[in-house]
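# A structural walkthrough
Below, each chain spelled out in residue letters.
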Amino acid sequence: MSIHDFGTRKSTEKHDLFPWHLIHKSLKIMEELQMEKRRAKNSQIINGIAFFFSVFFLLSALVAAFYTGEFGSVFHDWYLIMISPCPLVTDYLAIGGLASAMLNAGACSMSCFLFMILLKGKSHANTLAGYFLVVAHCFYGLNFLNMWPCFLAPFLYFRLKQLDYKNNLHVCMFATSFGPFISEFLFRYTLKEPHVFGQASLTFSGVLLALLFSVALGFVIPAILPGARAWHKGYNLYNGGLAFGLFGFLVFNFMYKTMGIEPPASPRYINPIYDSFGHSYRAYGTVFFLILFSACILSGFFLNGKSFRGYIHLVKDTGYVSNFADKYGMPLCLINIGIYGLFFLLYIHLVILFTEGAGFTGPTIGVILAALTFTAMGQHPRNVWPILAGYQLLYITTIFLCSVSRGELTWSISTQGYINGVAFATGLCPIVGRYGIRAGLAAGFMCASMCTATSVLHGGLVLYNGGFTAGITALILLPILEHYVPNVREQMKSQSILLKTMIALDETSSGRKKQSQGSHGSAGH
């Protein structure tokens with residue numbers, strides 16, 4: 001053996017003896033600790049957002065009572081909201097009033113906040129998404145009475161399967177989209193006489209049906225959520241929308257069509273105060289949201305080290321199976337909530353200004369909040385504007401076709417159904433991120449053409465109708481895009497979809513089950 005060979009061998013042996021695997025393992029542990037620290041901070045900020053919004057709604061209820069002159073009847077109006085059937089799109093500003101609707105939102109949102117802080121574990125981006133959707137529907141269809149059977153029912157499933165309560169809290173929040181079914185069973189479905197506004201006529205069979213439906217809901221929702229992901233492949237942020245809509249379609253048609261019962265007509269409510277404002281609290285709503293969104297931007301700015309550093313990277317994200325909270329941190333997500341909220345508020349003002357339709361009604365206020373749902377999970381102005389433009393494209397196309405055929409256009413882009421639909425169509429923003437602007441225009445165009453028709457399928461009893469429409473759009477559009485733009489599909493094959501980047505059931509066992517399994521394992525050894 002030569003001296004050179006001997007030296008090379010010694011060098012190789014030293015290299016082999018060097019603990020590279022320990023360094024790699026240490027770096028991985030440090031990375032995991034850093035991510036855990038970020039998630040702990042994110043959880044605190046998410047809980048803080050929920051608390052701030054909840055308190056803001058309650059304070060707004062007090063201000064609104066003086067603004068509208070409803071101060072002496074707020075709680076009675078809230079009672080009327082809770083005992084009234086509420087299919088889409090029931091305007092709680094017409095049934096109760098601005099103050100009572102704000103009180104309803106404050107009470108429901110504060111309840112969600114209490115669950116967020118009392119259940120052991122961290123709050124995640126999907127927890128915030130569920131919170132925003134609960135708050136949004138508190139202005140048109142969800143109230144402090146009909147939310148509880150739907151909200152609590154999934155805990156039966158979690159208890160049976162010993163799943164972590166906190167990690168799946170968002171499932172309970174999204175289950176509240178079936179709230180109108182509860183009100184229907186309690187106050188109208190089993191009555192022999194037509195429902196009389198302001199009268200709560202409970203029957204034993206109605207209460208029993210509401211309870212049975214809630215229990216069934218608690219076991220059906222966890223079963224259908226995982227499968228919903230496969231239908232749209234992560235391109236519809238409102239993951240359960242299609243599944244919820246189809247389940248609502250089944251139940252509604254069994255209730256009425258199968259049983260040979262005529263579905264009730266949508267009631268009309270007379271509210272003199274609301275009428276005096278022209279069925280639109282535009283000034284109040286504008287100031288309300290300007291304060292709310294400005295506070296979000298300022299809070300995020302200070303939490304981000306008094307800068308907007310990093311936000312440019314967030315708005316360049318495709319939004320496809322993306323958890324902004326984990327990737328960029330909640331301070332930047334807070335900035336995104338504020339900027340995106342102002343962006344959507346501007347859109348609402350423009351369509352109301354230039355077309356004739358709905359104003360700042362309860363549903364309009366609600367969908368501005370609903371538009372925030374996935375601001376920590378994929379939505380930002382850059383990947384949403386093409387979908388909004390797709391709605392305008394349908395409107396312009398329809399105007400042109402009607403002028404050519406000399407037909408009469410019976411709707412506008414500010415008709416309530418289209419205002420509601422566009423907020424949920426933004427859940428298709430990953431299509432823009434992956435396939436580009438033209439695909440986003442097509443998604444918005446298709447979603448707009450269906451948004452006012454899909455609620456008929458479930459009688460308006462699923463508040464998640466916009467997610468349902470977005471899901472149908474994804475089912476139609478995705479195969480076409482994958483066929484003509486196959487390179488994007490090939491890129492996606494290498495990506496795994498994490499549960500925390502989607503609204504899905506987290507099947508992580510609770511600490512109680514893990515402890516039980518650990519003790520069984522010890523005994524076995």
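Residues numbered from 1 in each chain as written. Predicted model: local features only at pLDDT ≥ 70, side-chain atom pairs only at ≥ 80, totals over all residues. Heavy atoms only, no water.

## Digging into the overall build of the protein chain
- Along its length, the protein chain carries 24 helices and zero strands.
- Relative to its 525 residues, the protein chain shows a buried fraction of 55%.
- Partitioning the intrachain contacts of the protein chain with sequence separation of at least 6 by distance along the chain shows that 82% fall at a separation of at least 24.
- With an accessible surface of roughly 23400 Å², the protein chain has 66% of that area assigned to carbon and sulfur atoms. (Helix = DSSP H or I, 4+ residues; strand = E, 2+ residues; numbered from the N terminus. Buried < 20%, exposed > 50% of the residue type's maximum accessible area, 1.4 Å probe, protein only. Contact = heavy atoms within 4.5 Å. Areas by Shrake-Rupley, 256 points an atom, 1.4 Å probe, with all protein chains shown as cover.)

## Considerations on the nonpolar core
- In this structure, F53, F178, F181, L369 and Y391 are the most contacted members of the largest nonpolar core, which totals 159 residues.
- Looking at this core, the element that brings in the most residues is helix α16 (residues 330-354), giving 13 residues.
- Setting aside its immediate chain neighbours within four residues, F178 contacts C150, F213, L217, I221, F244, F247, G248, L461 and V462. (Core = buried A, V, L, I, M, F, W, Y, C linked by side-chain atoms within 4.5 Å.)

## Looking at the side chain of T398
- Within the element layout of this structure, T398 appears in helix α18 (residues 381-405).
- Once residues lying within four places of it in the same chain are set aside, the contact partners of T398 are L409 and W411.

## Topic: the pattern of salt bridges
- Tallied over the entire structure, the rule returns five salt bridges.
- With a closest N to O distance of 2.9 Å, R188 and E184 form a salt bridge. Residue R188 and its partner E184 are both found in helix α9 (residues 179-189); the two are separated by four residues, about one turn of the helix. Neither R188 nor E184 differs from the other in exposure class; each is buried. (Salt bridge = Lys/Arg side-chain N within 4 Å of Asp/Glu carboxyl O.)

## Describing the packing of helix α17 (residues 362-370) against helix α19 (residues 416-425)
- α19 packs onto α17 with a crossing angle of 10° between their chain directions and a minimal axis gap of 8 Å. Between α17 and α19, the angle is such that the two are roughly parallel. Here P363, T364, V367 and A370 of α17 lie close against α19, whose contacting residues are Q416, I419, N420, A423 and F424.
- Of the residues assigned to the contact of α17 with α19, the class counts are six nonpolar, three polar and no charged. (Axes fitted to C-alpha atoms, helices over the stretch in contact; angles between N-to-C directions. Parallel < 35°, antiparallel > 145°, perpendicular 65-115°, else oblique. Nonpolar A, V, L, I, M, F, W, Y, C, P; charged D, E, K, R; others polar.)

## Here we look at α18
- For α18, spanning 25 residues, the distance from its first C-alpha to its last is 36 Å, which sits close to the expected 36 Å at 1.5 Å a residue.
- Within the span of α18, buried status applies to P381, N383, V384, P386, I387, L388, G390, Y391, L394, Y395, T398 and C402.
- Contact partners of the buried residues in α18: α14 (311-315), α16, α19, α20 (429-435) and α21 (437-450).
- At the C-terminal side of α18, R406 shows a positive phi close to 60°. (Expected span 1.5 Å × (residues − 1).)

## A word on the environment of A61
- Summarising the element assignment, A61 is placed in helix α2 (residues 20-68).
- Sequence separation between A61 and N104 is 43 residues, and the spatial gap between their C-alpha atoms is 8.8 Å.

## Regarding the environment of N167
- Mapped onto the secondary structure, N167 falls in the loop between α7 (147-161) and α8 (169-175).
- Along the backbone, N167 and K122 are 45 residues apart, and their C-alpha atoms lie at a distance of 7.6 Å.
- Of the polar contacts made by the side chain of N167, one reaches the side chain of H124; its length is 3.3 Å. (Polar contact = N/O pair within 3.5 Å; in protein donor to acceptor, adjacent residues only side chain to side chain.)

## Comments concerning the packing of α9 against helix α10 (residues 204-232)
- Remark: α9 packs on α10, axes separated minimally by 8 Å, with the N-to-C direction vectors making an angle of 165°. Taken together, the axes of α9 and α10 lie roughly antiparallel to each other. α10 is crossed by α9, and the crossing has right-handed handedness. Along the contact surface, α9 presents F181, I182, F185, L186 and Y189, while α10 presents G206, V207, L209, A210, F213 and S214. (Left-handed = near helix turned anticlockwise from the far one by under 90°.)

## Some remarks on a nonpolar patch on the surface
- Taken together, the side chains of W231, L246, F249, L457, L475, I476, I480 and Y484 define a hydrophobic patch exposed on the protein surface, amounting to about 750 Å² of accessible area.
- Contributions of two or more residues to the nonpolar patch are made by α11 (241-258) and α22 (465-484).
- One can find I476 in helix α22. (Patch = residues over 30% accessible without salt bridge, like charges linked within 9 Å, V, L, I, M, F, W, Y side chains within 5 Å.)

## Some details on unusual backbone geometry
- In this model, L88 is joined to V89 through a cis peptide bond whose omega is -15°.
- With respect to the helices, strands and loops of the structure, V89 is situated in the loop between α3 (74-82) and α4 (92-95).
- Positive phi is not limited to glycine here, since Q162 has a value of about 55°.
- Checked against the element boundaries, Q162 lands in the loop between α7 and α8.
- Take Q162: its relative accessible area is 27%, and that puts it in the partly exposed class.

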